[in-house]
Amino acid sequence: MERTVVVYTSKYGATEKYARWIGEELDCPVYSLDNFSKAQLDSFDNIIYGGGVQAGGIKGFDKLKKWIKPLIGQPGKKIVVFAVGLNLDNTDGRMQLRDINFDKDVYRQLTCYYMGGAYVPDRIKGIDKAIMGMVRKMLLDKGLNMNDEERTLLGRIEDGCDLVSREQIEPVVEEFR
């Protein structure tokens, strides 16, 4: 097998869970981005990066983008990204995420996989709580004009949810087998 690494940023644990599952399936090392350096990238042919979605951005991806830019399209290097969130099961959410995170043509070459996250309302604090409060308010302000996807998201925000499942890693694993 080619030398593969999984690097992730996880605040509440869902992304880390996916990263560890992928590492188990591919029998490769798994690192938190905080414990990984740009110099280590040269040791791997395949780089899988995962991050949770916060306000449309993939956590930690801006830092990694700077490191991987010269590697994209390089023969023998394969880089994919997986994003973990509550609103990625619909096309609009995915398109918005791609527009925000893969803003330049060089990054649009990367494959991005989307995985469901987990949300426990009582566990969040600070800026995360404020962001979720704003999203909730925006959805409630729509009232009867809310579509089904927005109602689903509102329910996930108000009641919490756990969309994490091991089956969601299969497309990533298959790409590297």
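Residues numbered from 1 in each chain as written. Predicted model: local features only at pLDDT ≥ 70, side-chain atom pairs only at ≥ 80, totals over all residues. Heavy atoms only, no water.

## Things to note about the state of the cysteines
Move 1: In total, this model carries 0 disulfides according to the counting rule given.
Move 2: Between cysteine 112, a free cysteine, and cysteine 28, which holds the nearest cysteine sulfur, the sulfur-to-sulfur gap is 18 Å.
Move 3: Since its relative accessible area comes to 9%, cysteine 112 is described here as buried. (Disulfide = S-S within 2.5 Å. Buried < 20%, exposed > 50% of the residue type's maximum accessible area, 1.4 Å probe, protein only.)

## Focus on the nonpolar core
Move 1: Judged by nonpolar contacts, the single largest core of 25 residues is most densely connected at Tyr49, Ile58, Phe61, Ile68, Val81, Phe102 and Leu110.
Move 2: Counting only elements with at least two residues in this core, the list comes to strand 1 (4–9), strand 3 (46–54), helix 2 (61–68), strand 5 (78–85) and strand 6 (111–116).
Move 3: Broken down by element, the residue count for this core peaks at 4 residues, all from helix 2.
Move 4: Excluding residues within four positions of it along the chain, isoleucine 58 makes contact with Tyr49, Gly51, Gly52, Val81, Ala83, Leu97, Asn101 and Phe102.
Move 5: One finds Leu26, Phe82, Met115 and Phe176 within the second-largest nonpolar core, a separate group that totals 21 residues. (Core = buried A, V, L, I, M, F, W, Y, C linked by side-chain atoms within 4.5 Å. Helix = DSSP H or I, 4+ residues; strand = E, 2+ residues; numbered from the N terminus. Contact = heavy atoms within 4.5 Å.)

## Observations regarding the side chain of aspartate 128
Move 1: Position of aspartate 128 relative to the elements: it lies in helix 5 (residues 126–142).
Move 2: Its relative accessible area of 7% is what places aspartate 128 among the buried residues.
Move 3: Leaving out residues up to four positions away in the same chain, aspartate 128 has contacts with Lys11, Tyr12 and Gln54.

By themselves, these figures tell us nothing about what the structure is for.
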